[in-house]
Amino acid sequence: MADAATALAPAKVNLFLHVGLPSADGYHPLASLVAFADVGDWVGLKIADAPTFAVEGPFAGALAGETDNLVTRALAHFAVAAQRPGLAFAAALDKRLPVAAGLGGGSSDAGAALRRANGLTGRPLDEPALEAVAGTLGADGPMCLRAETAWATGRGDVLQPEPRLPALGAVLVNPGAPSPTGAVYRAYDAAVTGTADQPPPPADWSPAGVIAWLTKLRNDLEAPAVRLEPRIGEALAAVRADPGVALARMSGSGATVFGLCLDVAAAEAAAARLQAAYPDWWVAACRLGGRA
């Protein structure tokens, strides 16, 4: 049995996000196609005598002094589910993604921690049991545990893998403005315009075909998020104006904007231009979906 492990907690991107009216329990039904990037945070884990949690990296300051977060909760729930009440981990988070950015950072960190914990302890939990632990952390817990392209419906917890999505070049842009999910949903509820409709899949799964299909879809949280934080609108305008970007959209509840390009080389060139034009913004080129 190994005694240490480190893993990427990939950024999650909602290629589209259709949101309906909240149900009686306050949850919003949604439909989305979710893809994961080859950039994200890094989670390090090892078995220890007592639980510890340390944060470093460019966005560590946003989590300074935080002792109760999704990683520590995930590990505590894992110990209970594995029937190992004395089990403890030393966890280290290299926080490279902006916080409150619409990239699933906290849930992805927790998912990576759960997978590493399961591996370090000889895999005491099968996939359904591990997903049940992830589900206690939020609706997108199982999605971020899997970290694979999927159709998401229900509250985001009904998942159908989608292996046909090709590798898409993308540039991720965050203007340095947090976008709290709760506030965005409240603004959405004040002027609901969307429905959780599930579109048929594209007929053409080439990068160009997928992008053309996505242009007909939407993120229903984009407009309320922009009303609350105009800098998201500035980022959208900047990404849309780049000559290498074929489609720009906000991810999740923001504030990160993604631009889809025809390949990774075009995304890297777009990222270089945008970073030069907006040096205070967080900009990263990446690959979304596809097979490793």
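One can find the structure itself at the top, above this paragraph.
A brief look at the structure comes next. (Residues numbered from 1 in each chain as written. Predicted model: local features only at pLDDT ≥ 70, side-chain atom pairs only at ≥ 80, totals over all residues. Heavy atoms only, no water.)

1. Describing the overall build of the protein chain
- From N to C terminus, the protein chain includes 9 helices and 10 strands.
- Taken over C-alpha atoms, the radius of gyration comes to 19 Å for the protein chain, in line with the 19 Å a tight globule of 292 residues would show.
- When its C-alpha atoms are laid out on the principal axes, the protein chain stretches across 55 × 45 × 35 Å.
- Put simply, the protein chain has 292 residues, and 51% of those count as buried.
- The contacts of the protein chain with a sequence gap of at least 6 include a subset with a gap of at least 24, amounting to 76%.
- Between the averaged position of the 22 positive side-chain charges in the protein chain and that of its 28 negative side-chain charges there is a distance of 2 Å. (Helix = DSSP H or I, 4+ residues; strand = E, 2+ residues; numbered from the N terminus. Rg over C-alpha atoms; globule rule 2.2 N^0.38 Å. Buried < 20%, exposed > 50% of the residue type's maximum accessible area, 1.4 Å probe, protein only. Contact = heavy atoms within 4.5 Å. Lys, Arg positive; Asp, Glu negative; His and termini not counted. Charge placed at Lys NZ, Arg CZ, Asp CG, Glu CD.)

2. Re the pairing of strand β5 (residues 150–153)
- Bridge count for strand β2 (residues 30–48) against β5 is 3 bridges, and the pairing is antiparallel. The partner of V34 across the bridge, within β5, is A150.
- Of the strand pairs in this sheet, β5 and strand β6 (residues 158–161) are connected by 4 bridges, and their pairing is antiparallel. In the sheet register, A152 faces β6, and the bridge partner there is L159. (Pairing = 2+ DSSP bridges.)

3. Looking at the state of the cysteines
- Using the criterion set out here, one finds 0 disulfides in the structure.
- Cysteine C144 remains unbridged, with the sulfur of C286 as its closest cysteine sulfur at 15 Å.
- With a relative accessible area of 2%, C144 lands in the buried category.
- With no disulfide of its own, C261 lies 9.4 Å from the sulfur of C286, the closest cysteine sulfur. (Disulfide = S-S within 2.5 Å.)

4. Things to note about the packing of helix α1 (residues 70–81) against helix α2 (residues 105–120)
- Relative orientation of the contacting elements α1 and α2 amounts to 35°, with a least axis distance of 8 Å. Of the two possible hands of crossing, α1 and α2 adopt the one that is right-handed. Between α1 and α2, the residues in contact are L70, V71, A74, L75 and F78 and G106, S107, D109, A110, A113, L114, A117 and N118, respectively.
- The residue inventory of the contact of α1 with α2, partitioned by class, reads 9 nonpolar, 3 polar and 1 charged. (Axes fitted to C-alpha atoms, helices over the stretch in contact; angles between N-to-C directions. Left-handed = near helix turned anticlockwise from the far one by under 90°. Nonpolar A, V, L, I, M, F, W, Y, C, P; charged D, E, K, R; others polar.)

5. Describing the packing of aromatic side chains
- In total, this model carries 5 aromatic pairs according to the counting rule given.
- Chaining the aromatic ring pairs together yields one cluster made of F16, W151 and W213.
- For the cation-ring pair, R155 lies above Y27, with the distance from its terminal atom to the ring centre recorded as 3.8 Å. (Phe/Tyr/Trp six-rings, centres within 6.5 Å; stacked < 30°, edge-to-face > 60°. Lys NZ or Arg CZ within 6 Å of the ring centre and 35° of its normal.)

6. A word on the pattern of salt bridges
- In this structure the tally under the stated criterion is 12 salt bridges.
- A salt bridge links D140 to K12; the shortest N-O distance between them is 3.9 Å. With D140 in the loop between α3 (127–135) and α4 (141–146) and K12 in strand β1 (residues 4–19), this residue pair connects regions lying 128 residues apart in the sequence.
- Across the salt bridge formed by D109 and K95, the nearest N and O atoms sit 3.7 Å from each other. Remark: K95 occurs in the loop between β4 (88–94) and α2 and D109 occurs in helix α2; sequence separation between them is 14 residues.
- Take K95: its relative accessible area is 4%, and that puts it in the buried class. (Salt bridge = Lys/Arg side-chain N within 4 Å of Asp/Glu carboxyl O.)

In short, geometric facts, not functional conclusions.
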